[in-house]
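A closer look at the structure
Below are the chains, spelled out letter by letter.
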Amino acid sequence: MSERPPLWQRLRRSSAVAVLLVGVLAWGLGRVVQTQVRDGQADALRAVARAGDIRMLSSVSCIFCMKARQYLTEHRIPFEECLIERDAACMADYKRLGASGTPTLLVRGQRQLGFDPLRVTAALGG
């Protein structure tokens, strides 16, 4: 007959499992809340954005441009995009604006460095 581990060892194991379970549940709940907030921000932006309102000056190798493009496309928010390395007019606009990085957004002609859905929504009057 095998001996059962002492009570303190059994409690320690069950405590570790409980802590792990609580951690996983908290992480999952955090992800759900984060997704809901993100979707709510996208809904607000989509409600005020019209074709021609948002123009994004991007760079081929810019990870932030890729993330912004993905967000706008995924949430069906109308925008135009040009790549400064591939479009001479886009590069000319970039230089004319004195832009210091990408993505540079023109939101109804107003320059914004970087993509922030709340800032874009505010600029569109939302």
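As shown above, the structure is provided for reference.
Here's a quick rundown of the structure. The structure displayed is predicted, hence computed values, not measured ones. Each residue is numbered by its place in its chain's sequence as written, counting from 1. The predicted nature of this model means local features are confined to residues of pLDDT at least 70 and side-chain atom pairs, given and counted, to a pLDDT of 80 or more, with totals for whole chains, interfaces and linings taken over all residues. Calculation of side-chain values draws on the structure's entire complement of heavy atoms; hydrogens and water are dropped beforehand.

What about helix H3 (residues 88-96)?
What counts, and what does not: Think of it in three bands: with a 1.4 Å probe and only protein chains considered, a residue is buried below 20% of the maximum accessible area for its type, exposed above 50%, and partly exposed in between. Where helices and strands are cited, they refer to DSSP runs of H or I of at least four residues and of E of at least two residues respectively, numbered from the N terminus. Throughout, the arc means the angular range of directions from the helix axis out to the C-beta atoms. Note on contacts: a residue pair qualifies if any of its non-hydrogen atoms lie within 4.5 Å across the two residues.
Of the positions making up H3, those classed as buried are Cys90, Asp93 and Tyr94. The buried residues of H3 occupy an angular sector of 100° when projected down its axis, which confines them to one face. The exposed residues of H3 that point more than 90 degrees off its buried face are Ala88, Lys95 and Arg96. Each element contacted by the buried residues of H3 is listed here: strand S1 (54-58), strand S2 (80-83) and strand S3 (104-107).

Focus on the sheet that holds S3
Note the cut-off: Any two strands with at least two DSSP bridges between them are considered paired. Orientation is described by lines fitted to C-alpha atoms, with helices fitted over the stretch in contact, and by angles between N-to-C directions that extend from 0 to 180 degrees.
With mixed pairing, 4 strands are arranged side by side in an open sheet as S2-S1-S3-S4. In this open sheet, the two edge strands, each paired with only one partner strand, are S2 and strand S4 (110-113). Adjacent strand axes in the sheet meet at a mean angle of 20° when their direction is disregarded. Bridging between S1 and S3 involves 4 bridges; their strand directions are antiparallel. Paired with Arg55 across the bridge in S3 is Leu106. The strands touched by helix H2 (residues 63-74) within the sheet are S1 and S2, with S1 carrying the most contacts at an inclination of about 150°.

Considering the environment of Pro103
Counting through the fold element by element, Pro103 comes out in the loop between H3 and S3. Taking the C-alpha atoms as reference, Pro103 lies 6.3 Å from Leu113; in sequence the two are 10 residues apart. Not counting residues up to four positions away in its chain, the partners in contact with Pro103 are Met56, Leu57, Cys62, Phe64, Cys65, Gln112, Leu113, Gly114 and Phe115.

Thoughts on the pairing of S2
Quick note on the threshold: Crossover handedness is defined by viewing with both strands directed away from the observer: a clockwise path from the first strand over the helix to the second marks the crossover as right-handed.
By the bridge criterion, 4 bridges tie S1 to S2 in an arrangement that is parallel. Residue pairing for S2: Leu57 is matched across the bridge by Cys82. Tracing the backbone out of S1, into H2 and back to the parallel element S2 gives a crossover that is right-handed.

Overview of the nonpolar core
One recurring pattern in soluble globular proteins is that nonpolar side chains are buried together. Heads up, the condition is: Put simply, buried Ala, Val, Leu, Ile, Met, Phe, Trp, Tyr and Cys residues joined by side-chain atoms within 4.5 Å make one nonpolar core.
Within the largest apolar cluster, 13 residues are counted, with the highest numbers of intra-cluster contacts made by Leu45, Ala49, Ile54, Ile77, Leu105, Val120 and Leu124. Listing elements by their share of this core, those giving two or more residues are helix H1 (7-48), S1, H2 and S3. Among the elements that make up this core, the one with the highest residue count is H2 (3 residues). Contact partners of Ile77, with chain neighbours within four places excluded, come to Ala42, Leu45, Arg46, Ala49, Ile54, Tyr71 and Leu72. In this structure, Cys82, Cys90, Leu97 and Ala99 belong to the second largest nonpolar core, which totals 8 residues.

Re the environment of Arg86
Here Arg86 lies in the loop between S2 and H3. For Arg86, a relative accessible area of 64% corresponds to the exposed category. Through-space distance from the C-alpha of Arg86 to that of Val60 is 8.5 Å; in sequence the pair is 26 residues apart.

Shape is all these values report; function is a separate question.
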